[in-house]
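Below, each chain spelled out in residue letters.
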Amino acid sequence: MRIDIITVLPELLEGFLNESILGRAQKKGLVEIHVHNLRDYSTNRWRRVDDYPFGGFAGMVMQCEPIDRCISQLKSERHYDEIIYTSPDGEQFDQPMANTLSLKENIIILCGHYKGIDHRIREQLITKEVSIGDYVLTGGELAAAVMTDAIVRIVPGVIGDEQSALNDCFQDNLLAAPMYSRPKEYVGVDGKSWGSVPEILLSGHEAKIKEWEIAQSLERTRQLRPDLLEK
Ligand code: ADE
């Protein structure tokens, strides 16, 4: 799969996207992530991409032309399944949306900034508007990073143990069961015991462990996110 991200702050994303699991996924050729500096598509002498809004409103608006030029260029090179605009008034991003997007071949994510983008871009070019939560960020870059991370990590082969992505929180609308590692018993810095690992996990009995995992998942979901069980 290929993700093209259009932004006025490419440096903000490049470090993040080239590290750790996302960096390795690209090196392995499982995904291609390209970051485009919107200013490269400005015809303005000072590489401006925004202007004052008509109507005397406050703030600045991202203009049609640079975005049109950038997206037209990309569309002339390949077909895009989705052209996403990050915006607090978009559809709420969640695990099912990440799953769906991870099956796409090519997607564009346009990061919003300032007061937003000229509405005609939304009408003419954008196929999906996505929010990562009910709060307003200074720009869409963090939203693009969050989405890219959630999408790429479930592309087959990106996470070593493919099964582990399926057991994540929110796959099947259940929170994940608690996890433990060595030591079996831990004594805190203050000398008090933090308890020991549940016996069943040390039993080696696969079926019983699976049963325990499901029961724990259900119990945690019931306690912490009962709304998910209604789904
Ligand atoms: N841009 C600003 N706030 C945002 C949000 N909550 N989600 C997506 N993009 C945004």
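The accessible area lost on association of the parts is a frequent measure of interface size. Split into domains, the protein comes out as domain 1 (2-161) and domain 2 (172-229). Taking only C-alpha atoms into account, the centre of domain 1 sits 37 Å from that of domain 2.

So, about the packing of helix H4 (residues 95-102) against helix H6 (residues 141-152). Their axes nearest at 8 Å, the elements H4 and H6 cross at an angle of 70°. It follows from the interaxial angle that H4 and H6 lie roughly perpendicular. As for the relative orientation of H4 and H6, their crossing is right-handed in sense. Facing Ala98, Leu101 and Ser102 of H4, the residues of H6 in contact are Met147, Ala150 and Ile151. Class assignment of the residues belonging to the contact of H4 with H6 gives a composition of five nonpolar, one polar and no charged.

Take the nonpolar core next. Among the nonpolar cores identified, the biggest contains 31 residues, and Ile3, Ile5, Phe93, Met147, Ile151 and Val152 are the most heavily contacted of them. Among the elements of the structure, strand E1 (2-7), helix H1 (10-17), helix H2 (20-27), H4, strand E6 (106-111) and H6 are those that each provide at least two residues to this core. For this core, the element with the most residues is H6, which contributes seven residues. Setting aside anything within four residues of it in sequence, one finds isoleucine 151 in contact with Met1, Ile3, Phe93, Ala98, Leu101, Ser102 and Ile107. Ile6, Ile67, Ile83 and Tyr85 belong to the second-largest nonpolar core, a separate cluster that totals 19 residues.

With that settled, the discussion passes to H6. Its twelve residues give H6 an end-to-end C-alpha distance of 16 Å, which sits within 8% of 16 Å, the value for a rise of 1.5 Å per residue. Burial analysis of H6 places nine of its twelve residues in the buried class, which makes it a mostly covered element. The complete set of buried residues in H6 reads Glu141, Ala143, Ala144, Ala145, Met147, Thr148, Ala150, Ile151 and Val152.

So, about the sheet that holds strand E2 (residues 32-37). Taken in spatial order, the five strands of this open sheet run E2-E1-E6-E5-E7, and their pairing is parallel. Every other strand in the sheet has two partners, leaving E2 and strand E7 (128-131) as the edge strands with one partner each. On average, adjacent strands in this sheet sit at an angle of 30° to one another, irrespective of strand direction.

It is worth spelling out the packing of aromatic side chains at this point. The final tally for this structure, using the stated rule, is one aromatic pair. Plain terms: the ring middles of tyrosine 186 and tryptophan 194 are 4.8 Å apart, the flat faces sit at 75° to each other, and that makes the pair edge-to-face.

Calculation criteria
Residues numbered from 1 in each chain as written. Predicted model: local features only at pLDDT ≥ 70, side-chain atom pairs only at ≥ 80, totals over all residues. Heavy atoms only, no water. Domains from an automatic or database assignment. Axes fitted to C-alpha atoms, helices over the stretch in contact; angles between N-to-C directions. Helix = DSSP H or I, 4+ residues; strand = E, 2+ residues; numbered from the N terminus. Parallel < 35°, antiparallel > 145°, perpendicular 65-115°, else oblique. Left-handed = near helix turned anticlockwise from the far one by under 90°. Contact = heavy atoms within 4.5 Å. Nonpolar A, V, L, I, M, F, W, Y, C, P; charged D, E, K, R; others polar. Core = buried A, V, L, I, M, F, W, Y, C linked by side-chain atoms within 4.5 Å. Buried < 20%, exposed > 50% of the residue type's maximum accessible area, 1.4 Å probe, protein only. Expected span 1.5 Å × (residues − 1). Pairing = 2+ DSSP bridges. Phe/Tyr/Trp six-rings, centres within 6.5 Å; stacked < 30°, edge-to-face > 60°.

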